Amino acid sequence: MSPRVFSESILLLYPGAIELCDGVDNDCNTATPEPLIVHNGTPVGDLRSAIEIGGQIDICGPVELSNTITYLQDVTIVGHTDDAAILIAAGRLDFVDAEIVLSALRIAPRSALVDVHGIRVTGGSIAIEGSVLTGFSQSPALLATRAPITMEDSEVRNNTAGNSLAGGVHFDRSEALFRNVAFEDNTSGWFGRGGGALFIGPGSDVTMEGCSIRRNHHTASGIGGVYMGEANDVVMGVSTLRATDCDWGLNAEDNDLFDIVVSYRLTLPISVARIAEVTTNISCTASPSGNSCSTF
């Protein structure tokens, strides 16, 4: 007789088993609720402590995170229910030199009345999939430095970082891939520079595929969409952007005056783009030899 083979999921199903946050009735007792947070296979009550240790964190509902600190460990956080969320009550979600994966989550302030920062990543990397970053008002929803970004099938919307270079995502010295991401209804307003949706700093290589960049706003510059360049004439390398099959909108309210502005430094002529067709493919470069944007 050949030996029976059991999958890992079957081995977790038996009376008296630990109930996990996995959408399965592990203990064969429907009266036992799933735990809100499971860390490395064990139910826990505190998200902050779990992130400090790192590893795998599963979430089955909205979880509040307060008194945030700087996290140094690699961590993967996955939502398993429609209402799975990290609700930031104070500070920001701050990572340094860590490999971060966020999946199937809503990440937002605890309430509309709470002014908090979004996610900050310095070094390491961050991958975001099937998630929504929304409602931040003190800084961009995501701020990354020297940290590769991968974001897919996600939304960055309704962020109003009035004193920042971007309402949606701000990064420099980073590679970034955005695939099927909606950047919509974000606002920034940093002293005439920056973009409502994205600020692409020097030394960055950016690919956007199938994204929506619509109804973003910059209160000072009129650059509602994407700004490529430096913040304060501090130059740290060439930046490139290649966007394919993206929806930039056609109406006057889409992205203020410009979808894209390229300005490597203030002493060079800028290059601007108001994209006439919804899915125009465009390639832009910000470099010491000049700023350029062209369709293809």
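These numbers were taken from a predicted model, which means no experiment stands behind them.

## Structural notes on the state of the cysteines
Next, step 1: A full pass over the atoms with the stated rule returns one disulfide.
Next, step 2: Two residues, Cys284 and Cys293, share a disulfide whose sulfurs are 2.0 Å apart. Residues Cys284 and Cys293 share a disulfide whose torsion about the S-S bond is about 110 degrees; that sign makes it right-handed.
Next, step 3: A relative accessible area of 22% places Cys293 in the partly exposed class.
Next, step 4: With no disulfide of its own, Cys211 lies 4.5 Å from the sulfur of Cys246, the closest cysteine sulfur.
Next, step 5: Judged by its relative accessible area of 0%, Cys246 is buried.

## Some details on the pairing of strand β4 (residues 62-65)
Next, step 1: Alternating positions in β4 separate cleanly, Val63 and Leu65 being buried on one face and Pro62 and Glu64 remaining unburied on the opposite face.
Next, step 2: Across four bridges, β4 lies against strand β7 (residues 85-88) in parallel orientation. Within the sheet, the bridge partner assigned to Pro62 lies in β7 and is Ala85.

## Some remarks on the side chain of Asn281
Next, step 1: With respect to the helices, strands and loops of the structure, Asn281 is situated in the loop between β27 (271-273) and β28 (282-287).
Next, step 2: Asn281 gets classed as buried once you look at its relative accessible area, which sits at 18%.
Next, step 3: Discounting residues that sit within four places of it in the chain, Asn281 has contacts with Ala243, Thr244, Asp245, Ser294, Thr295 and Phe296.

## Brief notes about the sheet that holds strand β5 (residues 70-71)
Next, step 1: If you trace the nine strands from one edge of the open sheet to the other, you get β5-β8-β11-β14-β17-β20-β24-β26-β27, paired in mixed fashion. Strand pairing shows two members of the sheet lacking a second neighbour, β5 and β27, which therefore form its edges.

## Focus: unusual backbone geometry
Next, step 1: Phi angles above zero are rare outside glycine, and Arg146 is one such case at about 55 degrees.
Next, step 2: When you line up the elements, Arg146 lands in the loop between β14 (142-145) and β15 (149-157).
Next, step 3: Of the residues examined, Arg146 reaches a relative accessible area of 44% and is grouped as partly exposed.
Next, step 4: In this structure, Asp256 takes a positive phi of about 55 degrees despite not being glycine.
Next, step 5: Mapped onto the fold, Asp256 is located in the loop between β25 (239-244) and β26 (260-263).
Next, step 6: Residue Asp256 is classed as buried on the basis of its relative accessible area of 18%.

## Observations regarding the sheet that holds strand β16 (residues 160-161)
Next, step 1: The strand order across the open sheet built from three strands is β16-β19-β23, with neighbouring strands paired in parallel fashion. Two strands in the sheet have a free side with no partner beyond their single neighbour: β16 and β23 (217-218).
Next, step 2: Bridging between strand β19 (residues 187-188) and β23 involves two bridges; their strand directions are parallel. By the bridge assignment for β23, Thr187 is matched with His217.

## As for the pairing of strand β8 (residues 93-96)
Next, step 1: With two bridges joining them, β5 and β8 adopt parallel strand pairing. Within β8, the residue paired with Thr70 across the bridge is Asp94.
Next, step 2: Examined bridge by bridge, β8 and strand β11 (residues 119-122) share four bridges and lie parallel to one another. Within the sheet, the bridge partner assigned to Leu93 lies in β11 and is Ile119.

Cut-off values and rules
- The residue numbering used here restarts from 1 in each chain and proceeds along that chain's sequence as written.
- Local features are withheld for residues below a pLDDT of 70 in this predicted model, meaning they are given only at 70 or higher, and side-chain atom pairs are given and counted only at 80 or more; totals for whole chains, interfaces and linings count all residues.
- By convention in this description, side-chain values take in all heavy atoms of the structure and omit both hydrogens and water.
- Cysteine sulfur atoms that pair up within 2.5 Å are treated as a disulfide.
- Each residue is assigned to one of three classes by its accessible area relative to the maximum for its type, calculated with a 1.4 Å probe on protein chains only: buried under 20%, partly exposed between the two thresholds, exposed over 50%.
- Numbering of helices and strands runs from the N terminus, with a helix taken as a DSSP run of H or I at least four residues long and a strand as a DSSP run of E at least two residues long.
- When DSSP finds two or more bridges between a pair of strands, those strands are recorded as paired.
- Two residues qualify as a contact provided that any one of their heavy atoms is within 4.5 Å of a heavy atom in the partner residue.

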